[in-house]
Amino acid sequence: MMKRQLHRMRQLAQTGSLGRTPETAELLGEDLLQVEQRLEPAKRAAHNVHKRLQACLQGQSGADMDKRVKKLPLMALSTAMAESFKELDPDSSMGKALEMSCVIQNQLACIVAEFEMTLEKDVLQPLSRLSEEELPAILKHKKSLQKLVSDWNTLKSRLSQASKSSGGSQGLGGVPGSYTSTANKVETLKEEEEELKRKVEQCKDEYLADLYHFATKEDTYANYFIHILEIQAEYHRKSLNSLDTALAELRENHSQTDPSPSMTATPFSRVYGVSLGTHLQELGRDIALPIEACVMMLLSDGMKEEGLFRLAPGASVLKRLKQTMAQDPSSLEEFCSDHHAVAGALKSYLRELPEPLMTFELYDDWMRAASLKEPGTRLEALREVCRRLPPENLNNLRYLMKFLARLAEEQDINKMTPSNIAIVLGPNLLWPPEKEGDQAQLDAASVSSIQVVGVVEALIQNADTLFPEDINFNMSGLFSALDPQEKVSSRPASEEFPASAVSALATTPALVPAPAPAPVATKEKAESEVPPRPASPKVNRNLPEAAAPAEDVTRKGSQGSA
């Protein structure tokens, strides 16, 4: 008895990690051996997925539609909305919105319940049968075959030993009775061996049939997992369709009952975070609203502020300024005294553009121009890249560089040299297209950031050379109420542009020929008030000669005040 148990332990020790034994291996072909090795992993996969998928269900497992819906969190939310709706005026906008939200949450709860019932029927139940019934039955047959084969091998060993003993007794002329007893024992063992062999063959046939059945149904089992995704996709499609329908109706009703200024104002997203071309087209402008507004506010009283663009503004003030910029730009006067918030709003606009002002397309060209060592060659390369900018980008870059050059003129007071300005603003004007890469690419991006600073610094230092035209920073006429001594144009807007060009923020002035030379009286008034440099809302390529003395006086006046 102990010998038989020891032999059994040896056989178990020879069993592989997947329960494969030498005995069963001899009975199976190579193909069926591979199928056999997939049994245990398939059982574990079905069991684990069933367990985790069951945990994802929100409703009561096995319940009917009504009971399941009542237990869903969305139904509880719908009920809470219904109770709250009773306390509101049903004709109010809030009441109507809450009523519609209650209905849609109820619909979503029904969709969830339907989804879970389908999932249980088409996926969970088949996975449960696979992991708890079908595959365990095959594995049970496998264990039975292993035991029968082991017992058969043991019996064959005993039969062999008995046959040898019988032959030895006969050859040595043993006692006839003893020989007869040994022969009977051999016959008995042969009969047992034959019976056990028949059982092994029968069990083997059943096990082989199971393996063939499993192999033919593996695609069906794989479809269980694919069906999970199909059911989820259908659930999300139904949910999205219900939400889209409800939202369209809700927005239509809400817009009819609430024509408040906040609903009709320019959307916040149409100023910040949208492409430059879209913003200019929708507002009918040549220069982006945040760029012009912030430049004009800084020109009015902020050019001598130390650390402009470098020091961070208060987050709440910056957020409120950006909202006012989008909804009511005529009410920006309250922010004029917070110079860092104004600079932050301009910096934020440039940073939030989907594409940098200096464009992704020309990024490599800017980098090549920055890498040139000879100043003259580099300046000519920068001029060539500027010419290749889209018109709207060129106009806004010219406007901004002219302003930054003006800001750098006060560097003795505000400490913002062209280099300092380029360091804080450069990364917001040009950055590389996003690419996934390794550390080497990140290092390359750091190098390119240094080159960007060099490009922007060169643009500021050579603004008058690259963009020789004078700029009237108050292009839209929206900021004509600034303090006269800080105005940047020496002529009234009515003398520089047609009335339609300055009538409203959303109207873009048309290109006009250069105006006639200002009257002598106007020139004398400009000289006496000592304003900053004259400019025009568009690039005036033929500025009247009379403007030149005014510019000289402006520079002298600003240097004297410094």
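This structure is a prediction, so every number in the text was calculated from the model and none was measured.

### Details of the overall build of the chain
- From N to C terminus, the chain includes 23 helices and 0 strands.
- Counting all 562 residues of the chain, 40% fall into the buried class.
- Put simply, 78% of the contacts in the chain that link residues at least 6 apart link residues at least 24 apart.
- Approximately 30400 Å² of the chain is accessible, and the part contributed by carbon and sulfur atoms is 53%.

### Thoughts on the environment of Tyr207
- Locating Tyr207 in the fold gives a position in helix α8 (residues 176–257).
- Distance in space between the C-alpha atoms of Tyr207 and Ala137 is 9.7 Å, their sequence separation being 70 residues.

### A short note on the packing of helix α16 (residues 391–408) against helix α18 (residues 418–429)
- For the pair α16 and α18, interaxial distance at closest approach is 10 Å and the crossing angle is 150°. Classified by the angle between their axes, α16 and α18 sit roughly antiparallel to one another. Regarding α16 and α18, the two cross each other, and that crossing is right-handed. Facing α16, whose interface residues are Leu400, Met401, Leu404, Leu407 and Ala408, α18 presents Pro418, Ile421, Leu425 and Leu429.
- Along the lines of polarity and charge, the residues of the contact of α16 with α18 split into 9 nonpolar, no polar and no charged.

### So, unusual backbone geometry
- Even without a glycine there, the phi angle at Thr359 is positive, about 70°.
- Mapped onto the secondary structure, Thr359 falls in the loop between α13 (339–352) and α14 (363–371).
- With a relative accessible area of 5%, Thr359 lands in the buried category.
- In this model, Lys415 sits at a positive phi of 65°, which is unusual for a non-glycine residue.
- For Lys415, the location among the structural elements is in the loop between α17 (411–414) and α18.
- For Lys415, a relative accessible area of 43% translates into the label partly exposed.

### Here we look at the pattern of salt bridges
- Under the definition given, this model contains 20 salt bridges.
- Glu292 is the salt-bridge partner of Arg285, the closest N and O atoms lying 2.1 Å from each other. Each member of the pair, Arg285 as well as Glu292, is classed as buried.
- A cluster of three or more residues bridged by salt bridges with shared partners is formed by Arg68, Glu116 and Glu120.

### Examining the nonpolar core
- Ile291, Phe309, Trp366, Met401, Phe403 and Leu404 are the most contacted members of the largest nonpolar core, which has 79 residues in total.
- Per-element tally for this core: the top contributor is α16, with 10 residues.
- Excluding residues within four positions of it along the chain, Phe309 makes contact with Leu298, Ala343, Leu346, Lys347, Phe403, Leu404, Leu407, Val424 and Leu425.
- Among the nonpolar cores identified, the runner-up in size contains 37 residues, and Val123, Leu139, Ala162 and Tyr224 belong to it.

### Overview of the side chain of Arg285
- On the secondary structure map, Arg285 appears in the loop between α10 (276–283) and α11 (289–301).
- Residue classification places Arg285 among the buried positions, given a relative accessible area of 6%.
- A polar side-chain atom of Arg285 sits 2.8 Å from the main-chain carbonyl oxygen of Ile287.

### Considerations on the state of the cysteines
- Considering all chains together, one arrives at 0 disulfides under this definition.
- Among the cysteines around Cys336, which has no disulfide bond, Cys294 carries the closest sulfur, lying 9.9 Å off.
- Taking the relative accessible area as the measure of exposure, Cys336 reaches 16% and is therefore buried.

### Notes on the packing of aromatic side chains
- One pass over the structure, following the stated rule, counts 6 aromatic pairs.
- Centroid distance Tyr221 to Tyr224: 6.1 Å. Interplanar angle 45°. Geometry classified as tilted. Linking Tyr221 with Tyr224, this pair stays in helix α8, spanning 3 residues, or about one helical turn. As far as the burial class goes, Tyr221 and Tyr224 line up, both buried.
- Between Phe360 and Trp431, the ring centres sit 6.2 Å apart and the planes meet at 80°, which makes this aromatic pair edge-to-face. Here Trp431 lies in the loop between α18 and α19 (439–461) and Phe360 lies in the loop between α13 and α14, a separation of 71 residues in the sequence.
- Three or more aromatic residues link up through ring pairs in this structure, and these residues are Phe214, Tyr221 and Tyr224.
- In this structure, Lys156 is placed above the aromatic ring of Trp152, and the distance from its NZ or CZ to the ring centre is 4.0 Å.

### So, the packing of α11 against α16
- The interhelical angle for the contact between α11 and α16, taken along N-to-C directions, is 15°, at an axis separation of 11 Å. Looking at the two axes, α11 sits roughly parallel to α16. Like other packed secondary-structure pairs, α11 and α16 cross with a definite hand, here left-handed. In this structure, α11 contributes Ile291, Glu292, Val295, Met296, Leu298 and Leu299 to the contact, and α16 contributes Asn396, Tyr399, Leu400, Phe403 and Arg406.
- Per-class residue counts for the contact of α11 with α16 are 8 nonpolar, 1 polar and 2 charged.

### Some remarks on the environment of Leu196
- Mapped onto the elements of the fold, Leu196 is located in helix α8.
- Given the relative accessible area of 14%, Leu196 is considered buried.
- Considered as a pair, Leu196 and Asn153 are 43 residues apart in the sequence and their alpha carbons are 9.7 Å apart.
- Beyond its immediate stretch of four places on either side in the chain, Leu196 contacts Leu148, Asp151, Trp152 and Leu155.

### With respect to α10
- Residues of α10 that are buried include every one of Leu276, His279, Leu280 and Leu283, and no others. Taken end-on, α10 shows its buried residues confined to a sector of 95°, consistent with a single buried face.
- Looking at the buried residues of α10, the elements they touch are α11, α13 and α16.
- After α10 finishes, the residue Gly284 shows a positive phi value of roughly 65°.

About the thresholds
- Residues numbered from 1 in each chain as written.
- Predicted model: local features only at pLDDT ≥ 70, side-chain atom pairs only at ≥ 80, totals over all residues.
- Heavy atoms only, no water.
- Helix = DSSP H or I, 4+ residues; strand = E, 2+ residues; numbered from the N terminus.
- Buried < 20%, exposed > 50% of the residue type's maximum accessible area, 1.4 Å probe, protein only.
- Contact = heavy atoms within 4.5 Å.
- Areas by Shrake-Rupley, 256 points an atom, 1.4 Å probe, with all protein chains shown as cover.
- Axes fitted to C-alpha atoms, helices over the stretch in contact; angles between N-to-C directions.
- Parallel < 35°, antiparallel > 145°, perpendicular 65-115°, else oblique.
- Left-handed = near helix turned anticlockwise from the far one by under 90°.
- Nonpolar A, V, L, I, M, F, W, Y, C, P; charged D, E, K, R; others polar.
- Salt bridge = Lys/Arg side-chain N within 4 Å of Asp/Glu carboxyl O.
- Core = buried A, V, L, I, M, F, W, Y, C linked by side-chain atoms within 4.5 Å.
- Polar contact = N/O pair within 3.5 Å; in protein donor to acceptor, adjacent residues only side chain to side chain.
- Disulfide = S-S within 2.5 Å.
- Phe/Tyr/Trp six-rings, centres within 6.5 Å; stacked < 30°, edge-to-face > 60°.
- Lys NZ or Arg CZ within 6 Å of the ring centre and 35° of its normal.
- Arc of directions from axis to C-beta.

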